[in-house]
Amino acid sequence: MKTAAKAGVKTLFQLEPKIFEDGNDLLELSLQPDNSGSVGDVRDILLIRRSINWEIGLSVKHNHMAAKHSRLSLTIDFGKEWFNIPCSKTYFDNIRPIFNSLQSAQRNRTRWRDISNKAETVYMPVLGAFKAELERLDNENPGIIPSRLLEYLLGRKDFYKLIANTSNRTTIMQCINFHGTLNKPSSTRAPELRAGTTNLPTRIYHFDYKDTDSGSSNTTLELVMNQNWVVSFRIHSASSLVESSLKFDIQIPGAPSTLFHHHQGWQTS
């Protein structure tokens, strides 16, 4: 982890010359509280220079690229949490029979492996209700849902995402710079690496079950938007015992070419 961190810091120094800007202060490092992510701030570490009114944040990952692991349940209003627009009564009416059945199975300590045809009886009905509700929210709030979805998934504040990839012995640096607050020159130096800004999506082109070699997936939805954004939602149980909620593994397999990626190899010497 130290080797991976050193590689990430090397890249960060090339992106952020304000780290070295002269001032009457120290560079402060602080950890964010765990509940920051629930309000759209996914940054784990903050770097602060108070004398020049400068702050950036880092999100640190180990061997995975997932954006979120959000849950669905009878008590979770994903519209309110993700977009600040509540879900409809129809959505909750549609998922209520499935989650009531899961609550009963949870009380009996039923294992997921003992539920037959769970894709058809659990996953697909919940995914269908989720899909219909997201489409309703988009139709009733044109131009809003795609951008708020990406800000929910990637963060409402700009940040750098560092991923330690142990198999390739590289640290991947992504620059999530929707609002143009990162990669700024200092008073004396320009960045050695240029990241630029990335546009948020504004339109949904396609939202349906993901195509596979054997047909359509029964556990994964794929959302295609403008600006070359693609988001996949794979639903799963995340536990051997049945729970009263289901979990999403949300990935972003498609992103604009302007989204900055840099791979820094590890040096062990």
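Anything mentioned here points back to the structure above.
Calculation criteria
Residues numbered from 1 in each chain as written. Predicted model: local features only at pLDDT ≥ 70, side-chain atom pairs only at ≥ 80, totals over all residues. Heavy atoms only, no water. Pairing = 2+ DSSP bridges. Helix = DSSP H or I, 4+ residues; strand = E, 2+ residues; numbered from the N terminus. Contact = heavy atoms within 4.5 Å. Axes fitted to C-alpha atoms, helices over the stretch in contact; angles between N-to-C directions. Patch = residues over 30% accessible without salt bridge, like charges linked within 9 Å, V, L, I, M, F, W, Y side chains within 5 Å. Areas by Shrake-Rupley, 256 points an atom, 1.4 Å probe, with all protein chains shown as cover. Salt bridge = Lys/Arg side-chain N within 4 Å of Asp/Glu carboxyl O. Buried < 20%, exposed > 50% of the residue type's maximum accessible area, 1.4 Å probe, protein only. Core = buried A, V, L, I, M, F, W, Y, C linked by side-chain atoms within 4.5 Å. Expected span 1.5 Å × (residues − 1). Arc of directions from axis to C-beta.

**Details of the sheet that holds strand S7 (residues 204-212)**
- Strand order in the open sheet formed by five strands is S4-S10-S9-S8-S7, and the pairing between neighbours is antiparallel. Edge positions in the sheet fall to strand S4 (71-72) and S7, since each of these pairs with one other strand and no more.
- Relative to strand S10 (residues 246-254), S4 is paired through two bridges, and the arrangement is antiparallel. Across the sheet, Leu72 pairs through a bridge with Leu246, a residue of S10.
- Along the sheet, helix H4 (residues 118-140) makes contact with S4, S7, strand S8 (215-225), strand S9 (230-236) and S10, crossing S8 at roughly 15°.
- Lying over the sheet, helix H5 (residues 145-154) contacts S7, S8, S9 and S10, oriented at roughly 110° with respect to S8.

**Quick notes on a nonpolar patch on the surface**
- Together, Val9, Phe13 and Phe20 make up a nonpolar patch on the protein surface, roughly 240 Å² of accessible area in all.
- Assignment of secondary structure puts Phe13 in helix H1 (residues 2-15).
- For Phe13, a relative accessible area of 35% corresponds to the partly exposed category.

**Some thoughts on the environment of Val242**
- Structurally, Val242 can be placed in the loop between S9 and S10.
- With a relative accessible area of 3%, Val242 lands in the buried category.
- Considering only alpha carbons, one finds Val242 and Pro253, 11 residues apart in sequence, at a separation of 29 Å.

**Describing the nonpolar core**
- If you look at the biggest cluster of nonpolar residues, it comprises 49 residues, and the most contacted ones within it are Trp82, Phe130 and Phe233.
- For this core, the elements supplying multiple residues, two or more each, are helix H2 (78-83), helix H3 (89-107), H4, H5, S7, S8, S9 and S10.
- Per-element accounting of this core gives the leading share, nine residues, to H4.
- Excluding its chain neighbours within four sequence positions, the residues that come into contact with Trp82 are Ser70, Phe130, Arg148, Leu149, Tyr152, Arg156, Phe233, Phe248 and Ile250.
- Counting 15 residues, the second-largest nonpolar core is a separate cluster that includes Ile56, Leu162, Cys175 and Phe260.

**Focus on the side chain of Ser186**
- If you trace the backbone, Ser186 turns up in the loop between strand S6 (170-176) and S7.
- Owing to a relative accessible area of 13%, Ser186 belongs among the buried residues under this scheme.
- With sequence-adjacent residues up to four places away left out, Ser186 is seen in contact with Pro17, Lys18 and Glu21.

**Things to note about H1**
- Compared with an ideal rise of 1.5 Å per residue, which puts 14 residues at 20 Å, H1 spans 20 Å between its outermost C-alpha atoms and is within 8% of the ideal.
- Those residues of H1 that fall on the buried side of the exposure criterion are Ala4, Ala7, Gly8, Thr11, Leu12, Gln14 and Leu15. Along H1, the residues classed as buried sweep out an arc of 160° about the axis, all on the same side. Exposed positions of H1 whose direction lies more than 90 degrees from the buried face are Lys2 and Lys6.

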